[in-house]
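# Observations on the three-dimensional arrangement
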Amino acid sequence: EIEAKYAKKMQMLRDRLDLRRKTDIHQVEESKNSQISELMRNHEKAFSDIKNYYNDITLKDLALISLLKEQMEEMKKRENHLEKEKADVLLQNKQLKEPLQQAEEQVSELQKKLAHYDKDKKVLMNTKARLKVTQKELKDLQWEHEVLEQRFSKVQAERDELYQKFTKAINEVQQKTGFKNLLLERKLKGLLSVLEKKEVELSEAFAASNLDAQDQGEGTRKLEDVLSSKNTAIKDLQLQLAQVCKAHNDMLQTFQAKLTAFGIPVDNLGFKPLASPVLGQ
């Protein structure tokens, strides 16, 4: 009795320690998963920040280039206008060889126009000098724009490569999971079929034989043992199937979250990911 008592205590202690070990393992796994999720969120935030930063720089550079082009076109128009005025003034100078009286009346006006012309000429020279500086700045900005476009193309290529990897991984995991689910379901159906067949055979054997009560009891106990073993196997298979379905669904949710974080719509995959129903739902 003492030996049985302490054997029972020993078994209870082992069960309690085993439960504590499983609990500790579960806590460690949860902590690991939490750290992985935090690291992934940090990487996604960093990628989004640098993408926004380069987008802002590109937009600012494009706006500045457009403004400089407009200013350059306006300066060219003004230069053409001044050239036309110069031609007009030269033509008027030729026509000033008319009588002296008309010339004296027009001298003051022409002097004013000449003064304006000199002033406009200086402005034109200053404008040309500024135009050269502006053209140099425009070339520098164009070079910076090309560099930014190359960086942007590189980021787009990395995004496309990541998108292709996600698509390929989803296809592979979905095929493997679907095949494993099919094998488990077929194995479960086979065990159920064998169990039903064994039950029918045993019932026919009892009905056809003239066994006494003790032999029938012995047979019944053996049958119950077999049924218990088969039920245990069925429950194990159902548990494995439920675990595989849950892992498959968790994987789909993770990939969909990743696609959403990188700005890739799920519709662009070209197919709809199949979510496996959990056993009993």
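Residues numbered from 1 in each chain as written. Predicted model: local features only at pLDDT ≥ 70, side-chain atom pairs only at ≥ 80, totals over all residues. Heavy atoms only, no water.

### What to know about the overall build of the protein chain
Along the backbone of the protein chain there are 3 helices and 0 strands. In the protein chain, the succession of helices and strands from N to C terminus is α-α-α. The 281 residues of the protein chain split such that 17% are buried. Within the protein chain, contacts between residues at least 6 apart in sequence are counted, and of these 86% link residues at least 24 apart. Of the accessible surface of the protein chain, which amounts to about 22400 Å², a share of 55% is contributed by carbon and sulfur atoms. (Helix = DSSP H or I, 4+ residues; strand = E, 2+ residues; numbered from the N terminus. Buried < 20%, exposed > 50% of the residue type's maximum accessible area, 1.4 Å probe, protein only. Contact = heavy atoms within 4.5 Å. Areas by Shrake-Rupley, 256 points an atom, 1.4 Å probe, with all protein chains shown as cover.)

### Side note on helix α1 (residues 2-95)
For α1, spanning 94 residues, the distance from its first C-alpha to its last is 140 Å, which sits close to the expected 140 Å at 1.5 Å a residue. Burial in α1 covers these residues: T58, D61, I65, L68, M72, M75, L82 and V89. (Expected span 1.5 Å × (residues − 1).)

### A short note on the pattern of salt bridges
Per the counting criterion, the structure on display carries 7 salt bridges. A salt bridge links D18 to R21; the nearest nitrogen and oxygen atoms lie 2.6 Å apart. One end of the pair, D18, and the other, R21, are both in helix α1, 3 residues apart, so they sit about a helical turn from each other. According to the relative accessible area criterion, R21 is partly exposed, its value standing at 43%. (Salt bridge = Lys/Arg side-chain N within 4 Å of Asp/Glu carboxyl O.)

### Some points on the nonpolar core
Counting 9 residues, the largest nonpolar core consists of L184, L188, L195, L227, I234, L237, L241, V244 and C245. Among the secondary structure elements, those contributing two or more residues to this core are α2 (100-208) and α3 (213-261). For this core, the element with the most residues is α3, which contributes 6 residues. (Core = buried A, V, L, I, M, F, W, Y, C linked by side-chain atoms within 4.5 Å.)

### Details of the layout of surface pockets
Within this model, the largest pocket holds a volume of roughly 310 Å³. Taken together, N33, S37, M40, R41, E44, K246, D250, T254, A257, K258 and A261 form the lining of the largest pocket. Going through the elements one at a time, α1 and α3 are the ones with two or more residues in the lining of the largest pocket. For the lining of the largest pocket, a count of residues per class yields 3 nonpolar, 3 polar and 5 charged. (1 Å grid on protein atoms, 1.4 Å probe; cavity = no way out; pocket = protein on both sides within 12 Å on 5 of 7 lines; lining within 4 Å. Points joined across faces, edges and corners; volume = space filled by probe spheres on them. Nonpolar A, V, L, I, M, F, W, Y, C, P; charged D, E, K, R; others polar.)

### Remarks on the packing of aromatic side chains
The geometry of two aromatic rings is summed up by the distance between their centres and the angle between their planes. Overall, the coordinates contain 1 aromatic pair when judged by the stated rule. Seen in terms of ring centroids, Y53 and Y54 are 5.3 Å apart; in terms of plane orientation they differ by 70°. Their pairing is edge-to-face. (Phe/Tyr/Trp six-rings, centres within 6.5 Å; stacked < 30°, edge-to-face > 60°.)

### Some words on the environment of K113
If you trace the backbone, K113 turns up in helix α2. Between the C-alpha atoms of K113 and V89, which are 24 residues apart in sequence, the distance is 8.0 Å.

### Describing a nonpolar patch on the surface
A cluster of nonpolar side chains, contributed by M10, L13 and L17, occupies part of the molecular surface with about 250 Å² of accessible area. With respect to the secondary-structure elements, M10 resides in helix α1. (Patch = residues over 30% accessible without salt bridge, like charges linked within 9 Å, V, L, I, M, F, W, Y side chains within 5 Å.)

### Concerning the confidence of the model for the protein chain
Residues at a pLDDT of 70 or more form 80% of the protein chain, whose mean pLDDT is 79. Taken element by element, the predicted model of the protein chain shows its lowest mean pLDDT in α3 (75) and its highest in α1 (89). (pLDDT = per-residue confidence, 0-100.)

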